[in-house]
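Take a look at the letters that make up each chain.
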Amino acid sequence: MSVHRLHAPVLPGRTAEVLAVERLLERARAGQSGALVVRGEAGIGKSALIRHVQAAAPDMLVICEGAAETERTLPYAGLHLVLKGVLGGIDELPEPQALALRGALGLGSAGQAAGDRFLVGLAVLTLLAELAADRPVLCLVDDAHWLDRASADVLLFAARRLAAEGVLMIFAARDDHAPAFAAGGLDELVLQRLDPTAAAAVLAEHAPDLPRHVVDWIRREAQGNPLALIELANSHLAGRSSNVPIGPLDTPRLGATSSGSRVEREFMARIAELPAAARTAVLVGAADGTCDMGLVVGAAALLGSTLADFETAQRAELLMFVEGCYGFQHPLIRAAVYRSATIKERQDAHLALAAVLGASDDVDRQTWHRAAAAVEPDENVAVALDRSAERARERGSPEAAASASEQAAGLSTDAAGKGRRYAEAAEAASDAGQREWAASLAGFAALYLRDPVQLAKLARITAALAVDEKEPERAARPLLDAARAVAEHDAEMASDLLMRVVEAGWAARARGIVDQAVAAVDELRLPGAEHVRALATVAAGQLGDETALQGSFAALRTLTASGDPHDLRVMVMIANCYLLLGDHESAHAIATQVAQCGRNAGKLHVLPGALAVLAATWWHRGQRCDAVTDVTEGLRLARDTGQQQSVGALTRAHAHLAAVAGEEAEFDATSDPAQRGLLALGLGRFDEAADRLAELDGDVLVLPDLVEAAARAGREELARTVAERFARWAEHVGQPWARAVARRSAALADCDHAEPHFVAAAALHRSDGARPFERARTDLLHGEWLRRTRRRSAARAPLRAALETFEQLGAAPWAARARSELRATGETRSAGPSGGPADLTPQELLVVRLAAAGLTNRDIGAQLFLSPRTVGYHLHKAFPKLGVASRAQLATLDLSA
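Residues numbered from 1 in each chain as written. Predicted model: local features only at pLDDT ≥ 70, side-chain atom pairs only at ≥ 80, totals over all residues. Heavy atoms only, no water.

### Describing the overall build of the protein chain
Within the protein chain one finds 45 helices and seven strands. Its C-alpha atoms give the protein chain a radius of gyration of 33 Å, within 12% of the compact-globule value 29 Å for 897 residues. Oriented by its inertia axes, the alpha-carbon framework of the protein chain measures out at about 100 × 70 × 60 Å. Residues classed as buried in the protein chain amount to 54% of the 897 residues present. Counted over contacts in the protein chain with a minimum sequence separation of 6, partners at least 24 positions apart contribute 66%. For the protein chain, the distance from the average position of its 95 positive side-chain charges to the average position of its 114 negative side-chain charges is 4 Å. (Helix = DSSP H or I, 4+ residues; strand = E, 2+ residues; numbered from the N terminus. Rg over C-alpha atoms; globule rule 2.2 N^0.38 Å. Buried < 20%, exposed > 50% of the residue type's maximum accessible area, 1.4 Å probe, protein only. Contact = heavy atoms within 4.5 Å. Lys, Arg positive; Asp, Glu negative; His and termini not counted. Charge placed at Lys NZ, Arg CZ, Asp CG, Glu CD.)

### Describing the sheet that holds strand β5 (residues 187-190)
Read across the sheet, five strands follow the order β2-β3-β4-β1-β5 without closing on themselves; strand pairing throughout is parallel. The two strands at the open ends of the sheet, each matched to only one other strand, are β2 (61-66) and β5. Neighbour-to-neighbour, the strand axes of this sheet turn through a mean angle of 15 degrees, independent of strand direction. As paired strands, strand β3 (residues 137-142) and strand β4 (residues 167-174) are joined by five bridges and run parallel to one another. In the strand pairing of β4, C139 is matched with M169. (Pairing = 2+ DSSP bridges. Axes fitted to C-alpha atoms, helices over the stretch in contact; angles between N-to-C directions.)

### So, the packing of helix α36 (residues 703-712) against helix α37 (residues 716-733)
Contact geometry for α36 and α37: axes closest at 8 Å, N-to-C directions at 160 degrees. The angle between α36 and α37 places the two elements in the roughly antiparallel class. As α36 packs across α37, the resulting crossing turns out to be left-handed. Residue-level contacts link L703, P704, L706, V707, A710 and A711 of α36 to L718, A719, V722, A723, R725 and F726 of α37. Here the residues of the contact of α36 with α37 sort into 11 nonpolar, no polar and one charged. (Parallel < 35°, antiparallel > 145°, perpendicular 65-115°, else oblique. Left-handed = near helix turned anticlockwise from the far one by under 90°. Nonpolar A, V, L, I, M, F, W, Y, C, P; charged D, E, K, R; others polar.)

### So, the environment of H757
Tracing the backbone through its elements, the reader meets H757 in helix α39 (residues 754-768). A relative accessible area of 19% places H757 in the buried class. A sequence separation of 118 residues divides H757 from L875, and the C-alpha atoms of the two residues are 48 Å apart. Leave out the neighbours within four places in its chain, and H757 touches R743, A746 and A747.

### So, the packing of helix α41 (residues 792-809) against helix α42 (residues 812-824)
One way to put it is that α41 packs onto α42 with a least axis distance of 9 Å and a crossing angle of 155 degrees. Considered as vectors, α41 and α42 are oriented roughly antiparallel to each other. In the packing of α41 onto α42, the handedness of the crossing is left-handed. Residue-level contacts link R792, R796, L799, R800, L803, F806 and E807 of α41 to W814, A815, A818, R819, E821, L822 and A824 of α42.

### Focus: the nonpolar core
Core analysis: the largest hydrophobic core is formed by 178 residues, its most contacted members being L79, L101, M169 and F806. Within the second largest apolar cluster, 49 residues are counted, among which are L283, A299, L318 and F328. (Core = buried A, V, L, I, M, F, W, Y, C linked by side-chain atoms within 4.5 Å.)

### Some details on the confidence of the model for the protein chain
For the protein chain, per-residue confidence averages 86 on the pLDDT scale, and 91% of positions sit at 70 or higher. The least confident element of the protein chain is helix α7 (residues 179-182), whose mean pLDDT is 62; the most confident is helix α38 (residues 736-749), at 96. Scored below 50 in pLDDT, residues 1-9 makes 18 contacts in the model with residues more than four places away or belonging to other chains. (pLDDT = per-residue confidence, 0-100.)

### What about empty space enclosed by the protein?
According to the stated counting rule, one finds three cavities of 30 Å³ or more in the structure shown. Each pocket or cavity is described by its volume, and for the largest cavity that value is around 90 Å³. Looking at the lining of the largest cavity, the element that brings in the most residues is helix α19 (residues 398-411), giving four residues. Across the lining of the largest cavity, the residue classes break down as seven nonpolar, five polar and one charged. (1 Å grid on protein atoms, 1.4 Å probe; cavity = no way out; pocket = protein on both sides within 12 Å on 5 of 7 lines; lining within 4 Å. Points joined across faces, edges and corners; volume = space filled by probe spheres on them.)

### Re the packing of aromatic side chains
This structure, assessed with the given rule, holds 10 aromatic pairs. Summarising the aromatic geometry, the rings of Y422 and F444 are spaced 5.3 Å apart at their centres and angled 25 degrees between planes, so their arrangement reads as stacked. Taken as a pair, Y422 in helix α20 (residues 415-431) and F444 in helix α21 (residues 435-448) lie far apart in primary sequence, 22 residues in all. Among the residues examined, Y422 registers a relative accessible area of 12% and is labelled buried. Ring centres of F758 and W785 lie 6.1 Å apart, and the angle between their planes is 45 degrees; on these two criteria the pair is classed as tilted. (Phe/Tyr/Trp six-rings, centres within 6.5 Å; stacked < 30°, edge-to-face > 60°.)

Right under this line is the structure:
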């Protein structure tokens, strides 16, 4: 393999950083992908490193762009800049992905799936992978901190899924301006300030004839910031600096400001020296933020500037021109140009740009410039911003929609318009996961709104924020008040609000709130009353009302029959209800349908909730590998989409699987006490398990664990009380597995009369075959009891069955207990065999199963949000583990483990 070294001279003080990037380039040339965030303060050398890397990759397809601060509120503006040179590749994408990407970039109708940001991310991933089929791809994004949030999310989504495509993505971002990249999950390369030796080398290269005392002064002033070193040297050479000491014995006046602001002042001084027409030209460029030379020259011409004025700025080393595009020599120059202009000068620049854009199809950019130029309320501009907000929502950028609606509110000429627009902005900010911003906008909206329907929508937003902040009880009163106020104007809205009151009361474990919702729906005689009552029945049953528990399944059937199957959020809620009632099969069927609909329609935001349910139902079905696979995928998607509730649910599911497997290293002091209790129970630490599980009085599904822990810890009274409580629940839900576990619990609570309970439990387990882990626990406890009553021969059969199931489920501590009990009966069993599907990673197993079903790599990638080449990489890794050499052989394997 040939080695491509970065071209000399090496950046002073950056040898380690250059070598780190060089290794990533070589990996990309070898077909392995990577992603890196280069971080550091303004002027620290991020852009220089980007240019250095670009020059070192003549053999690669290089995509290099810089984001613009002025475009950070325009949806997908940054993505359009990055992809503008490779848009022809969209035609080769699978149709749903092509539709989504075109819709996001405004290249066609948004279509059904275009609003899902993460389907757009999959399209970008596939596009980069297809481009890399010919030669490695190097994608460089400078000033990534100025990317609009939609573009940042999409590019990060693609970057996190790179594996074996031969694509390297590098983002350069400032430390204090890039929250999306701070939580992006990518490797980071932090550029530190230069040491004195490297700083001297920079000055020697750029200004070799400076006197020693001036060099020392500049080094102290710049404090290791490369751009500050260069610009202070330039300032001295141009005779602008008044702070340089006269001689080596003169004491310098050290600046009190940062190197970044000092450099910006130096740029401002250079800008002030330009002729007026040239200053106007660069101001128009700073106000624009794109590299559209025709647009900027046309707008500048309206203000009396010519192309010659741009050339003047170029000679002053403020502007640069590359392949028909213009740009600033450094982002701080753009900031200095804009900040040094007067309000009137900025207004004129934006109006000129808007005038030129009026002849184009770029309505949103024109509207943005009109808004930037507005200095007083303007209803015409506010209406135009309303339309921009709507287009942003259609294109899947709620942040841009919120920003447009907030601007529109500020320009509104009446209170009603202000209130409506602030409320719309709050809703969009909430959809974007920006809770603090949404709360602030909702507060502004409340100052102006008087219309009951608008106030009801606002109450729904504020309630959702309260639930997200884990304060559901705070959501109830505003929802109740809003429901009563809006009932005569919008009955459907009132019913929806009361459904949310029930959900809030359930989440807060406050039966009184649930009852208030029922009373309100009866009082108001709303058309959706049966839905509210049905959900309230399920909630009351989960909050300890045994009469309501008896009617919960009928209530769920009402919700399922009357619910909209296209409302996937509600369907996930119903699936969770079935799961809480012990009916994992019904939950599995609904969650499977939701997951399939979400994948087919590219609605990634619904998948984490569905996968959280499926992780539980696969485990209850005895398919641990499927459970692990769905937990892994669900957690990744939940974190990508900012769904904290789903992250919590999936984290608990992951902890449950880890607890069963005895993986104690996965736990810490913040872990769920239910799973820590199960872990302790499996490891035989019964007192610890009883203490932890006793904290969870409200969770009926942990009661069997508490019975076992209490019984083994000698806490007979606690074991009896809890066993009786679980028995009542099991009788109400009527699930055979639950009744079996109730009889097992009764046996543990009454050892003197245990045998009939164990026999009945075994028969109930056999009747439906559900929940093999619970069946194996019953067999283990039965075998232990038989051995302790000196019936060793009889104990062996249930112990063998328990051991076999525990081994299949990867329940190591439980299998160890069963093996130990078998040895005590005089029978020896070695550890179970390994290999086959059990050796695959969750991702490999999922890929292999889809390949065995006949799907192509492209089809698999579309389902799993991976590139086709990454799918091939997973298959390549999986084949040796499975002992096969081709896809055709996969169909002959048992992949159900």
